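# Close look at the chain arrangement
Here are the chains, one letter per residue:
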Amino acid sequence: MTPRSWRQGPIAAPLPDTPSPIRLGLGANWRQFTLLVVVNAFVGAMVGLERTVVPLIAQADFGLVSKTVVLSFLVSFGIVKALANLFAGELADRIGRKPLLVAGWLAGLPVPLLIIWAPSWGWIVFANVLLGVNQGLCWSTTVIMKIDLVGPGRRGLAMGLNEFAGYVAVSLSALLTGYLAAAHGLRPAPFYPGIAFAMVGLLLSVFVVHDTHGHARAEARQRGSEQSRPGFARVFLLTSWRDRALFAASQAGMVNNLNDGMVWGLIPVFLAARGVTLDRIGVVTATYPLVWGIGQLATGALSDRWGRKWMIASGMWVQAVGITAFVVGRSFSSWMVGATLLGIGTALVYPTLLAAVSDVAHPDWRASAVGIYRLWRDSGYAIGAIAAGLLADAFTIPFAITAIAAMTFVSGVVVAGVMYETLPAFRRSRLSSERGTGSGTSRGSRSPRSPWMP
């Protein structure tokens, strides 16, 4: 007889190991979304380290006079970041999001140390090559992952929160480095916080962030699309030229960062030449991204209600007015007004452009489209640095600033004349109206419909 203690009770059949279904939306994914907001704040803080101090190091520590040479660090940053965006978008669709995020942080770890120890300007330029890799991979990936998580309904809000975190961190980091430079000199103290930013960002990305590639696949299944994924060359052409909304967004993004590169590289030198102290230069350079960052909390969500096109066009025009205020102003308060207007204009544009690209692109190739858009957008840093440097050397810094303001205004005119509204609700309403009146929606019409739109 089997002892009682040896007898087996009824054994429940093991449940199959089925993962919980993927759900889209901010409410369903708020923990990972919040974590990605925090990670992107550290990404922004890394670039904020340079906003106030690095252009001044060129003159004070290395004796550089040519504005074109001074802005060479932005050329290297812009080119590398633009290419990193391109590869990030394509690779995110192929291998997933998280590996790229981790790789970006690994590239960013040496940046503050290289600037602290730099014996020549070439070291600063190389540090910005690595910073471009860091920003291109990390910022692109956090953008793509947030778009994955929230689904089609709240893209503007998602991009507003993402850019809010990144650019408020840029502002606070620029303000911190300005005060550290005023108290302790241009090096090394202003760059010590960067070591902590890179370490914390890397640790969060390795141990806490989860990949979101499955969310993009889930959205594609929900759309019920039978399309095959187009080749990269076709996506590149659609995003760069063939689709009018994507073309308008790409050129506006490029001009936006063209003027941002000019502000980053020339405004500290411009203000220093007028006798403004380091701490006050830090306040001006921090005000612009602070207003930009906070404003995106509202503008991203408003673009989900009001539409994308006219927020982008008006934002470019407000930027042009803000840039002009730096030239016509003669006091600290007038320069603060210019920084504030520039921040407001950029807040109207930045998250709305990303949301517009995401509206048009299909989930199967959306990451690639975002990467291509960000390629054009961040190439603006290099183009702006070269153009501003050459114009400042050939003429004057005020002339260079005015020329960039004019280019920004023209970019808004291009958006107003070329772009069609991409917000899905607006687009469906317009198409229904056109069908009801017998109007066509051919490619030559005023609001063409991309063959890849949902």
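Moving on, we get to the pattern of salt bridges. As enumerated under the stated definition, the model contains 11 salt bridges in all. Measuring nitrogen to oxygen at the nearest pair gives 2.8 Å for the salt bridge that ties Asp-260 to Arg-51. With Asp-260 in helix α12 (residues 244-273) and Arg-51 in the loop between α1 (30-48) and α2 (54-60), this residue pair connects regions lying 209 residues apart in the sequence. By the burial criterion, Asp-260 is buried, and Arg-51 matches it. Across the pair Arg-308 and Asp-359 runs a salt bridge whose closest N-O atoms are separated by 2.8 Å. One end of the pair, Arg-308, is in the loop between α13 (278-306) and α14 (309-328); the other, Asp-359, is in helix α15 (residues 332-360), and 51 residues separate them in sequence. Residue Arg-308 is classed as buried on the basis of its relative accessible area of 1%. Connected through salt bridges with shared partners, the residues Asp-93, Arg-97, Asp-148, Glu-219 and Arg-366 form a single ionic network.

Under the defined criterion, the tally for this structure stands at 18 aromatic pairs. Between Phe-73 and Trp-264 the ring centres are 6.0 Å apart and the planes differ by 80°, which places this aromatic pair in the edge-to-face class. Pair noted here: Phe-73 is in helix α4 (residues 72-95) and Trp-264 is in helix α12, with a separation of 191 residues, a long-range link. Taking the relative accessible area as the measure of exposure, Phe-73 reaches 0% and is therefore buried.

Now for a nonpolar patch on the surface. On the surface, a nonpolar cluster with roughly 640 Å² of combined accessible area is contributed by Tyr-192, Ile-195, Met-199, Leu-203, Val-206, Phe-207 and Val-208. Relative to the assigned elements, Phe-207 resides in helix α9 (residues 192-207). Residue classification places Phe-207 among the exposed positions, given a relative accessible area of 65%.

Before going further, it helps to examine the side chain of Glu-90. Mapped onto the elements, Glu-90 comes out in helix α4. In this structure Glu-90 comes out as buried when scored by relative accessible area, which is 12%.

On to unusual backbone geometry. For the bond running from Arg-187 to Pro-188, omega is 0°, close enough to zero to count as cis. You can see Pro-188 is positioned in the loop between α8 (155-184) and α9.

Right, let's talk about helix α17 (residues 397-418) for a bit. Over its 22 residues, α17 extends 32 Å from the first C-alpha to the last, a length consistent with the 32 Å expected when each residue adds 1.5 Å. When we look at burial in α17, the residues that qualify are Ile-397, Ala-400, Ile-401, Ile-404, Ala-405, Thr-408, Ser-411, Gly-412, Val-415 and Ala-416. Each buried residue of α17 sits inside an arc of 165° when the element is viewed along its axis, so together they form one side. Elements in contact with the buried residues of α17: α3 (67-70), α12, α14 and α16 (366-394). Capping of α17 at its N-terminal end is provided by Thr-396; its side-chain oxygen lies 3.2 Å from the backbone amide nitrogen of Phe-399.

Reading the values: rules and limits
- Residues numbered from 1 in each chain as written.
- Predicted model: local features only at pLDDT ≥ 70, side-chain atom pairs only at ≥ 80, totals over all residues.
- Heavy atoms only, no water.
- Salt bridge = Lys/Arg side-chain N within 4 Å of Asp/Glu carboxyl O.
- Helix = DSSP H or I, 4+ residues; strand = E, 2+ residues; numbered from the N terminus.
- Buried < 20%, exposed > 50% of the residue type's maximum accessible area, 1.4 Å probe, protein only.
- Phe/Tyr/Trp six-rings, centres within 6.5 Å; stacked < 30°, edge-to-face > 60°.
- Patch = residues over 30% accessible without salt bridge, like charges linked within 9 Å, V, L, I, M, F, W, Y side chains within 5 Å.
- Areas by Shrake-Rupley, 256 points an atom, 1.4 Å probe, with all protein chains shown as cover.
- Expected span 1.5 Å × (residues − 1).
- Arc of directions from axis to C-beta.
- Contact = heavy atoms within 4.5 Å.
- Polar contact = N/O pair within 3.5 Å; in protein donor to acceptor, adjacent residues only side chain to side chain.

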